[in-house]
Amino acid sequence: PDSVVDLVHVYPNPSEGIITLAGILMHDQRSISVLDATGRTVLSSVRSLSIDLSDQPEGMYVIQIDLVNGERITERLAILR
């Protein structure tokens, strides 16, 4: 069977700010962090299937999803308007 890490999809990407996490259940998540290009955390959340980054400037971001099983999913995201 595929790992949860292999099944997660972040969309739309690029995004105008509102993104959806697909392929993952909220009870599989421990925490979500979004980092900007400098590595600064711009958002921290506990269990969510959507993320609102509409207040962040255009640029590249990294989404880190820590799972209850100890795995970490890392996805890159572009914000373009």
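This is a predicted model, so every value here is computed, not measured.

Criteria and cut-off values
Numbering of residues starts from 1 in each chain and follows the order in which that chain's sequence is written. Reporting of local features is limited, given that this is a predicted model, to residues whose pLDDT is at least 70; pairs of side-chain atoms are given and counted only at 80 or more, and all residues count toward the totals for whole chains, interfaces and linings. Neither water nor hydrogens contribute to the side-chain values; these are computed over all heavy atoms in the structure. Two strands qualify as a pair provided DSSP detects at least 2 bridges between them. Strands here mean DSSP runs of E at least two residues long; helices mean DSSP runs of H or I at least four residues long; both are numbered from the N terminus. Orientation is described by lines fitted to C-alpha atoms, with helices fitted over the stretch in contact, and by angles between N-to-C directions that extend from 0 to 180 degrees. Each residue is placed in one exposure class: buried if its accessible area under a 1.4 Å probe, protein chains only, is under 20% of its type's maximum, exposed if it is over 50%, and partly exposed if it falls in between. The salt bridge criterion pairs a side-chain nitrogen of Lys or Arg with a carboxyl oxygen of Asp or Glu, the two atoms within 4 Å. What we call a nonpolar core is a set of buried Ala, Val, Leu, Ile, Met, Phe, Trp, Tyr and Cys residues that are connected through their side-chain atoms within 4.5 Å. Any two residues whose heavy atoms approach within 4.5 Å at even a single point are treated as in contact.

Looking at the sheet that holds strand E4 (residues 41–45)
- The 4 strands are arranged E4-E3-E6-E7 in an open sheet whose pairing can be described as antiparallel. The strands lining the two open edges of the sheet, one partner per strand, are E4 and strand E7 (72–79). The sheet shows a mean angle of 20° between the axes of neighbouring strands, taken without regard to direction.

As for the pairing of strand E2 (residues 18–22)
- Here E2 shows a buried face lined by Ile19 and Leu21 and an unburied face lined by Ile18, Thr20 and Ala22.
- Here 3 bridges tie strand E1 (residues 9–11) to E2, and the two strands are oriented antiparallel to one another. Of the residues in E2, the one forming a bridge with tyrosine 11 is threonine 20.
- If you look at the hairpin formed by E1 and E2, you'll find 6 residues sitting between the two strands, and glycine 17 has a positive phi there, around 145°.
- Judged from the 3 bridges that link them, E2 and strand E5 (residues 50–52) form a sheet pairing that is antiparallel. Within the sheet, the bridge partner assigned to isoleucine 18 lies in E5 and is aspartate 52.

Some words on the pattern of salt bridges
- Scanning the entire structure with this criterion turns up 2 salt bridges.
- Between arginine 40 and aspartate 36 there is a salt bridge, and its shortest N-O distance comes to 3.2 Å.
- Taking relative accessible area as the criterion, aspartate 36 reaches 14% and is therefore assigned buried.
- The partner of arginine 72 in a salt bridge is aspartate 66, and the shortest N-O contact between them spans 2.7 Å.
- Residue class for arginine 72 comes out partly exposed when judged on its relative accessible area of 46%.
- On the accessibility criterion, aspartate 66 (12% relative accessible area) is buried.

Notes on the nonpolar core
- Leu21, Ile24, Val34, Ile51, Ile63, Ile65 and Leu77 are the most contacted members of the largest nonpolar core, which has 17 residues in total.
- Of all the secondary structure elements, the ones that give two or more residues to this core are E2, strand E3 (29–35), strand E6 (59–67) and E7.
- Element by element, the count of residues in this core is highest for E6, at 4 residues.
- Other than its neighbours up to four places away in sequence, isoleucine 63 contacts Val10, Ile19, Ile32, Ser33, Val34, Ile51, Ile73, Thr74, Glu75 and Leu77.

Considerations on the sheet that holds E2
- Read from one edge of the open sheet, 3 strands run E1-E2-E5, paired in antiparallel fashion. For this open sheet the edge positions go to E1 and E5, each flanked by a neighbour on one side alone. On average, each strand axis in the sheet is inclined to that of its neighbour by 20°, with strand direction left out of account.

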